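So you can see what is in the structure, the chains are spelled out below.
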Amino acid sequence: MKLLFVFIQCFLRISISVPLTPRQSGPEQVHLSSTGNIEEIVITWSASDDVQPSLVRYGTNDELTNKTMAYATKFVDGGAKNHTQYIYRATLTGLSPNTTYTYQCENPMGQSEQFTFTTYPTGTSWSPHLIIYGDMGLENPQSLSRLKKEVETGSIHAIIHNGDFAYDMDSMNASVGDSFMRMVEPIAAYVPYMTTPGNHEYSYNFSNYKNRFTMPMYKETENLWYSWNIGPAHFIMLSTEVYFFVEYGLHQIQNQLNWLKNDLWEANQPNARQERPWIITLAHRPPYCSDDGIKQCKLLYADTVRGAFEDLFFEHGVDLSFWAHEHDYERMWPLYNNTVYNGSTAEPYTDPPAPVHIITGSAGCDEDHSTFGPRRPFDAFRSLDYGYTKLHIINGTHLELQQVSDDQGGKIIDQFVLIKHKHKMRGKH
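Report on the accompanying structure. (Residues numbered from 1 in each chain as written. Predicted model: local features only at pLDDT ≥ 70, side-chain atom pairs only at ≥ 80, totals over all residues. Heavy atoms only, no water.)

As a further point, take the nonpolar core. Ranked by size, the top nonpolar core spans 86 residues in total, and within it Phe235, Ile280 and Leu391 carry the most contacts. Looking at this core element by element, the count peaks at seven residues for helix H3 (residues 175–188). Excluding its chain neighbours within four sequence positions, the residues that come into contact with Phe235 are Leu130, Ile160, Tyr226, Ser227, Trp228, Ile230, Ile280, Leu282, Leu391 and Ile393. Counting residues in each nonpolar core, the second largest holds 21 residues, with Val30, Trp45, Tyr88 and Ala189 among its members. (Core = buried A, V, L, I, M, F, W, Y, C linked by side-chain atoms within 4.5 Å. Buried < 20%, exposed > 50% of the residue type's maximum accessible area, 1.4 Å probe, protein only. Helix = DSSP H or I, 4+ residues; strand = E, 2+ residues; numbered from the N terminus. Contact = heavy atoms within 4.5 Å.)

Between helix H2 (residues 144–152) and H3, the least distance of the axes is 9 Å, while the angle of their chain directions is 30°. As the angle between them shows, H2 and H3 are arranged roughly parallel. Here Leu144, Leu147, Lys148 and Val151 of H2 come into contact with H3, specifically with Met183, Pro186 and Ile187. Tallied by class, the residues present in the contact of H2 with H3 amount to six nonpolar, no polar and one charged. (Axes fitted to C-alpha atoms, helices over the stretch in contact; angles between N-to-C directions. Parallel < 35°, antiparallel > 145°, perpendicular 65-115°, else oblique. Nonpolar A, V, L, I, M, F, W, Y, C, P; charged D, E, K, R; others polar.)

All right, on to the pattern of salt bridges then. Considering all chains together, one arrives at 14 salt bridges under this definition. The shortest N-O distance in the salt bridge between Asp406 and Arg146 comes to 2.9 Å. Here Arg146 lies in helix H2 and Asp406 lies in the loop between strand E25 (398–405) and strand E26 (411–419), a separation of 260 residues in the sequence. Classification of Asp406 as buried rests on a relative accessible area of 11%. When the shortest N-O distance is used, the salt bridge between Glu222 and Lys210 registers 3.4 Å. With Glu222 in the loop between helix H5 (218–221) and strand E15 (226–230) and Lys210 in helix H4 (residues 203–212), this pair connects stretches of sequence that are twelve residues apart. Taken together, the salt bridges that share partners define one network made up of Arg273, Asp319 and Lys420. (Salt bridge = Lys/Arg side-chain N within 4 Å of Asp/Glu carboxyl O.)

Moving on, we get to the sheet that holds strand E22 (residues 356–360). Through backbone hydrogen bonds, the strands of a sheet pair up, either in parallel or in antiparallel fashion. The mixed open sheet is built from seven strands, whose spatial order is E15-E16-E17-E18-E22-E19-E23. Sheet topology places E15 and strand E23 (379–383) at the edges, where each strand pairs with a single neighbour. Strand-to-strand twist in this sheet, taken as the mean axis angle between neighbours without regard to direction, amounts to 15°. Across four bridges, the pairing between strand E19 (residues 329–332) and E23 is antiparallel. Its bridge partner being in E23, Glu330 is matched across the sheet by Arg382. Helix-sheet contacts for helix H6 (residues 251–267) involve E15, strand E16 (233–237) and strand E17 (278–282), and the interaxial angle to E16 is about 175°. (Pairing = 2+ DSSP bridges.)

Burial runs high along strand E3 (residues 55–59): four of the five residues are buried. Pairing between E3 and strand E4 (residues 66–69): four bridges, direction antiparallel. Bridge assignment links Tyr58 to a residue of E4, and that residue is Asn66. Counting the residues in the hairpin turn of E3 and E4 gives six residues, including Leu64, whose phi is positive at 50°. Where E3 meets strand E7 (residues 100–107), five bridges bridge the pair, whose relative direction is antiparallel. The partner of Leu55 across the bridge, within E7, is Glu106.

For any two helices packed against each other, one specifies the inter-axial angle together with the distance between the axes. Between H6 and helix H9 (residues 302–315), the least distance of the axes is 11 Å, while the angle of their chain directions is 10°. Regarding the angle of H6 to H9, the classification is roughly parallel. In terms of crossing hand, the pair formed by H6 and H9 is right-handed. Contacts between H6 and H9 involve Gln256, Leu257, Leu260, Lys261 and Leu264 from the first element and Ala308, Phe309, Leu312 and Phe313 from the second. In the contact of H6 with H9, the residues fall into seven nonpolar, one polar and one charged. (Left-handed = near helix turned anticlockwise from the far one by under 90°.)

Quick look at the sheet that holds strand E14 (residues 193–196) now. On the basis of which strands lie adjacent, the open sheet formed by six strands has the order E14-E12-E10-E24-E25-E26 and mixed pairing. With one partner strand each, in any of the chains shown, E14 and E26 form the two edges of the open sheet. Recorded for the sheet is a direction-independent mean angle of 20° between the axes of neighbouring strands. One ladder, built from seven bridges, connects strand E24 (residues 387–393) with E25; its direction is antiparallel.

In this section: the packing of aromatic side chains. Within this structure, the stated rule accounts for 23 aromatic pairs. Ring centres 5.9 Å apart and planes at 40° place the aromatic pair Phe165 and Tyr209 in the tilted group. Note that Phe165 is positioned in strand E13 (residues 165–166) and Tyr209 in helix H4, a separation of 44 residues in sequence. For the residue pair Phe165 and Tyr209, the accessibility class agrees, reading buried in each case. When the centroid spacing of 5.6 Å and the interplanar angle of 10° are considered together, the rings of Phe309 and Phe313 count as stacked. Here the residue Phe309 and the residue Phe313 both occupy positions in helix H9, the gap between them amounting to four residues, near one helical turn. Look at Phe309 and you get buried, because its relative accessible area is 2%. (Phe/Tyr/Trp six-rings, centres within 6.5 Å; stacked < 30°, edge-to-face > 60°.)

This part covers H9. With 14 residues, H9 extends 19 Å between its outermost C-alpha atoms, agreeing within 8% with the 20 Å of an ideal straight helix rising 1.5 Å per residue. At Phe309, H9 shows its largest kink, close to 40°. Here H9 lies mainly inside the structure; ten of its 14 residues are buried. Taken together, the buried positions of H9 are occupied by Ala302, Val305, Arg306, Ala308, Phe309, Glu310, Leu312, Phe313, Phe314 and Glu315. Gly317 sits one or two positions beyond H9 and adopts a positive phi of about 70°. (Expected span 1.5 Å × (residues − 1). Bend = angle between axes of the 7 residues up to and from the residue.)

Strand E12 (residues 158–162) sits mainly inside the fold: five of its five residues count as buried. The alternating pattern of E12 places Ala158, Ile160 and Asn162 and Ile159 and His161 on opposite faces, both of which are buried. Sheet topology places strand E10 (residues 129–133) next to E12; four bridges connect them, and they run parallel. If you follow Tyr133 over to E12, its bridge partner there is His161.

Structure (structure tokens):
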């Protein structure tokens, strides 16, 4: 019976995997990223050759009367074949707010299909909708079809993939990474696809991750850490992996820490915090979890992550922290130093004096689900269903989270509203 179960499980995974496809000379693997400036957007794509002119044609109609030139960066994978491709980047500037554009990437060898994106409204008094998840692979990308449908509604303003891509992007001389980027193009070419690194990106000093994406501060930090703004929220994107792959340089730990302290300080300046009251962080490995086995949630990494970030987040008034790595969903009560700090017994998420932590790492990959251990005092809700998290930043005082279960046909299996009437630094506890 056990062998039959394993066979069925493997068959199901194989049946919904995405086949490897060859690289092309024309533009492919198209994806967007935000700069935080509503008048800009970055378009990134790949081609097998360095061919010029490479450019983006775009416009508010089908004529695509505007164009922006792209620059190419040579990327040589660290695998045995040293497979080479060129990553193209074009930054569109001077865009009109709250406007839908059609665009197409091209070079002398070919063109991409036409895609669209919509710029963000002016100001901060609007309500962004985001989707957040981690740990989605080329095989068994369980949530992908539903994610495509979400993007097709036109209601999603950004997707955040919080580490662990493709499983793994460097595999098979980076052909797995290429196929994964083609696989996510139907979502990533229409809304900004923002990222953080996970442990599965570690090969060759995270080279596939560093080269394939173009996040804010790309030239300074190679996508490892950065921040960006959307509506009334300031997002801080971090690398937990600098603490675990120290063979790539201990300096990265201190560089990120120095940057983080300064970014939190700037985000808490009176004008900045009034304009964007929500401070939301994302990084891959969580500081808390209730998976089966103390080693996984404590000794292997959680203590390290907690020691790196928890005091800074608490003191600087971080409201909400998203994590992944565990292949499950886990919502926690407001939490600091292993102690629950609910707003009140009746309304735990109203004006809590500590950050709220969410693990969302169940988008789907070729590894097994995590296994929960006994419920811990900080657990509010947890699920092993495949799915993803929807974040609606309603205004400066209210945001709503929903967990979508793909296993249950898109059912909302968890939902809560976080209310903060006053956002501020908390100081040392």
